[in-house]
Amino acid sequence: MKALDVVLWVVAPYVALTVFVLGHVWRYRYDKFGWTTRSSQMYESRLLRIGSPLFHFGILVVLLGHIGGLVIPKSWTEAAGISEEVYHLVAVVLGTIAGVATLGGIAILIYRRRTVGPVFTATTRNDKLMYAVLALTIVLGLAATVMANIVGGGYDYRTTISPWFRSIFYFQPDPALMAGAPLLFQLHALSALLLFAIWPFTRLVHMLTAPVGYLTRPYVVYRSRDEQRAGARDPRRGWEPTGAVTEHRSK
Amino acid sequence: MKVMAQLAMVMNLDKCIGCHTCSVTCKQAWTNRAGTEYVWFNNVETRPGQGYPRTYQDQEKWKGGWELNARGRLKLKAGGRLKKLFSIFANPLMPSIQDYYEPWTYDYDRLFSAPMQADTPVARPRSLITGEPTKISWSANWDDNLAGAPELAPSDPVLRKVSDQVTLSFEQAFMFYLPRICEHCLNPSCVSSCPSGAMYKRSEDGIVLVDQDRCRGWRMCVTGCPYKKVYFNHRTGKAEKCTFCFPRVEVGLPTVCSETCVGRLRYIGIILYDADRVTEAASVADEKALYEAQKSVMLDPHDPAVIAAARAEGIPEDWLEAARRSPIHQLIFEYGVALPLHPEYRTMPMVWYIPPLSPVVDVLTETGHDGEDAGNLFGAIDALRIPIGYLAELFTAGDPEPVRAVLRRLAAMRSYMRRLNLGQKADESIAAAVGMTGEGVEAMHRLLALAPYAERYVIPKAHAEQGAQLEELATGCSLDYEGGPGMGGPFGEASGRPAPIAVENFHALRERQAGDDIDKAHQLRGRVNLLNWDGKGTPDGLFPNGNGKKES
């Protein structure tokens with residue numbers, strides 16, 4: 001096993017994941033105010049209305065596809081009666097459609113960002129880096145799929161890349177699995193690791209606060225003034241002072 | 001019955017001269033920052049006119065507020081929760097900066113840097129959005145004083161509801177000003193639209209606020225508010241809105257817009273309402289019944305049952321006392337002259353208006369009649385249905401009767417008080433004609449015309465003991481907060497959330513009592529407050545001293 005393999009497929013993933021987790025913790029504690037989508041819809045909405053849903057719905061399907069391909073072991077899908085051929089067909093067709101939608105979406109969004117004056121003015125260097133890494137990851141991922149399946153004879157990443165991916169989370173990383181994968185898949189994985197490492201420091205953090213809680217909470221939110229008083233803190237559970245309400249009631 | 005207190009405002013439109021002092025002072029206090037150039041928490045619109053942002057009252061276009069679904073239940077006009085989440089990537093109902101206006105500044109530097117030339121140099125306008133030279137074609141108040149009315153006023157969504165024939169004669173008849181702030185609604189559709197739950201209604205005083213730390217910039221509140229009084233800060237990517245100047249009202253001061261109002265036309269006070277009945281009242285099928293429905297939610301602060309229920313909810317005694325003296329309650333109920341703005345949006349707005357009578361008097365005087373004679377005035381109010389129709393579209397979902405009743409009361413007050421001013425005998429029949437007594441008319445006159453400061457603003461203070469209960473008097477250990485003791489977060493000294501004030505005080509006191517050097521006491525553990533540092537040099541204590549190292 002070469003040292004480079006260990007660096008690329010053991011050290012790099014752990015560094016990226018550590019930065020991803022701790023970076024988010026740090027960002028959430030110190031920069032809640034900066035935790036936003038930084039939407040530019042006010043400046044321009046015609047291109048955004050096509051590009052943004054195309055990209056976001058595309059990438060959500062891509063995300064689901066990655067969960068299905070990387071997290072769920074091949075033995076499970078086979079136990080469920082899904083043969084490799086069926087899985088492969090569904091993955092390639094859905095993956096290509098979603099990938100093309102995502103790529104088209106981000107192409108429109110980057111074009112918009114560059115050509116619409118106010119949007120470009122509001123673009124930070126951080127944004128530019130993020131767009132470059134994100135676009136690179138998407139292009140490499142789509143290229144790997146297209147090259148392996150449509151041009152080549154097909155590549156069963158579920159026997160190599162997926163076990164490697166899961167081995168990281170078992171804390172028993174197996175770099176040999178990944179070292180033998182095709183170059184495009186390797187590059188895609190590396191650019192994804194880079195994306196995870198810069199993620200907490202970009203506007204991508206908005207994904208972690210996707211507002212799914214909206215579906216279940218009551219419409220009108222009430223909050224007490226006291227929660228936000230400077231320096232105030234809630235008493236520990238079981239230590240709430242007594243008579244706080246009766247005090248001024250009896251006045 | 002769940003009694004809640006609500007800070008509310010009434011504006012007397014008869015006294016608004018359209019000077020925009022409220023807008024300007026508000027802007028200086030709250031929105032003079034980059035990203036909020038176009039944001040006017042307070043604005044004054046000329047009616048008829050398009051309003052700000054343009055045609056915001058056209059809810060068929062903007063879909064703000066609530067509507068009833070087929071089963072008669074309330075739903076957000078822009079769509080329910082799922083629809084909101086699916087349109088989150090590009091909100092189709094969000095106004096663009098062009099619907100407000102592109103803010104600009106002037107190239108003042110050119111006045112100084114231009115070379116010697118025959119012509120005087122000109123400071124050209126530059127867009128604050130792009131930084132490029134721009135042509136100013138619209139602004140927050142482009143149609144002020146009916147400017148461009150022949151072209152612009154026909155697009156007034158309120159005017160379009162009133163028939164065409166009315167429009168022409170109406171334009172010649174009058175205009176009036178409508179100052180607007182956030183309505184701090186009882187049934188806020190902006191709060192209900194916020195996917196992240198960052199917007200909330202304060203349970204103590206009903207002020208609607210945006211938690212800047214929780215807002216993620218999903219922009220649904222802008223769509224949800226039918227008054228378009230939630231704005232998107234395009235620099236920070238967060239929503240911002242009128243705060244009812246909560247730092248001021250918490251200590252008993254009126255809002256900046258009220259304090260600086262030249263015409264003294266704003267009233268602030270407390271209203272008690274039954275929170276359990278808000279949804280029911282907002283769901284009344286007939287739009288014209290919404291005005292009465294909202295009144296029915298508000299409680300009588302003199303009713304012993306209400307007082308008892310309010311005490312059970314923990315509303316302090318001085319707040320109940322303020323509710324009994326509330327000018328808002330008097331104007332809505334005792335004098336019955338205040339009306340809500342667009343009750344048909346079903347948000348239960350809490351900034352109410354006394355509709356203007358002045359144009360009626362002026363029109364009447366122009367025709368050669370005595371404009372303030374009670375008989376003439378009553379007749380004129382009924383004859384001049386044009387303004388009543390327009391006012392009714394603004395304040396009572398198109399029902400002219402409540403507006404007519406208010407205008408008759410205001411007219412009666414004028415006639416009654418004129419007799420007194422001219423030294424004639426009080427004519428009780430004028431008051432009786434509008435269901436009041438002479439005494440009541442004089443009291444209303446005192447509140448509306450003299451408008452003493454202490455009667456206009458009855459604002460109970462926030463309760464210090466509620467804060468103290470969480471701060472100094474807490475029974476927990478003063479060091480068991482997040483990150484303590486040692487005051488270091490995971491990233492070293494001074495990281496983590498700010499220490500509670502009590503802990504800072506504790507350490508400062510201990511330094512003073514136990515420290516070798518009395519000077520060290522105010523150095524606050526060797527650190528400096530960066531908020532007061534101007535960025536020049538390195539003041540003592542900017543970096544902590546090592547132990548035992550001699551201080552310079």
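Residues numbered from 1 in each chain as written. Chains lettered and ligands numbered in written order. Predicted model: local features only at pLDDT ≥ 70, side-chain atom pairs only at ≥ 80, totals over all residues.

(A) Quick peek at the nonpolar core. Val10(B) and Tyr353(B) are the most contacted members of the largest nonpolar core, which totals 146 residues. Those residues in contact with Val10(B) that lie beyond four places of it in its chain are Tyr267(B), Pro327(B), Ile328(B), Leu331(B), Ala338(B), Trp352(B), Tyr353(B) and Ile354(B). (Core = buried A, V, L, I, M, F, W, Y, C linked by C-beta atoms within 7 Å. Buried ≥ 20, exposed ≤ 12 C-beta atoms within 10 Å, placed from the backbone. Contact = placed C-beta atoms within 7 Å.)

(B) Inspection of the UniProt feature "binding site: heme b 1" (unreviewed entry) in chain A at higher detail. In the numbering used here, UniProt assigns the feature "binding site: heme b 1" (unreviewed entry) to His56(A), His188(A) and His206(A). Maximum C-alpha separation among the annotated residues is 22.8 Å over a sequence range of 151 residues, too wide for a single clustered spot. Along the chain, His56(A) turns up in helix H2 (residues 46-71). For His56(A), a count of 18 C-beta atoms within 10 Å corresponds to the partly exposed category. By the element assignment, His206(A) lies in the loop between helix H9 (183-198) and strand E1 (222-223). Apart from the residues within four sequence positions on either side, His206(A) is in contact with Thr36(A), Thr37(A) and Arg216(B). (UniProt positions renumbered as here; feature names shortened; annotations may be inferred. Helix = DSSP H or I, 4+ residues; strand = E, 2+ residues; numbered from the N terminus.)

(C) The arrangement of the confidence of the model for chain A in detail. Residue and element names in this part refer to chain A. On average, residues of chain A score 88 in pLDDT, and 89% of them are at 70 or above. Confidence, read as mean pLDDT per element, is least for helix H10 (residues 244-249) in chain A (42) and greatest for H9 (96). This stretch, residues 228-232, has a pLDDT under 50; its non-local contacts, to residues over four places away or in other chains, come to 11 contacts. (pLDDT = per-residue confidence, 0-100.)

(D) The arrangement of the packing of helix H4 (residues 84-115) of chain A against helix H6 (residues 125-151) of chain A in detail. All names here are of chain A. In the contact formed by H4 and H6, the axes pass within 10 Å of each other and the chain directions differ by 150°. Viewed along their axes, H4 and H6 adopt a mutual orientation that is roughly antiparallel. Pair H4 / H6 crosses with left-handed handedness. Listed contacts from H6 to Val 92, Gly 95, Thr 96, Gly 99, Thr 102, Leu 103, Ile 106 and Ile 110 of H4 are Tyr 131, Leu 134, Ala 135, Ile 138, Val 139, Gly 141, Leu 142, Thr 145 and Asn 149. By residue class, the composition of the contact of H4 with H6 is 10 nonpolar, 7 polar and no charged. (Axes fitted to C-alpha atoms, helices over the stretch in contact; angles between N-to-C directions. Parallel < 35°, antiparallel > 145°, perpendicular 65-115°, else oblique. Left-handed = near helix turned anticlockwise from the far one by under 90°. Nonpolar A, V, L, I, M, F, W, Y, C, P; charged D, E, K, R; others polar.)

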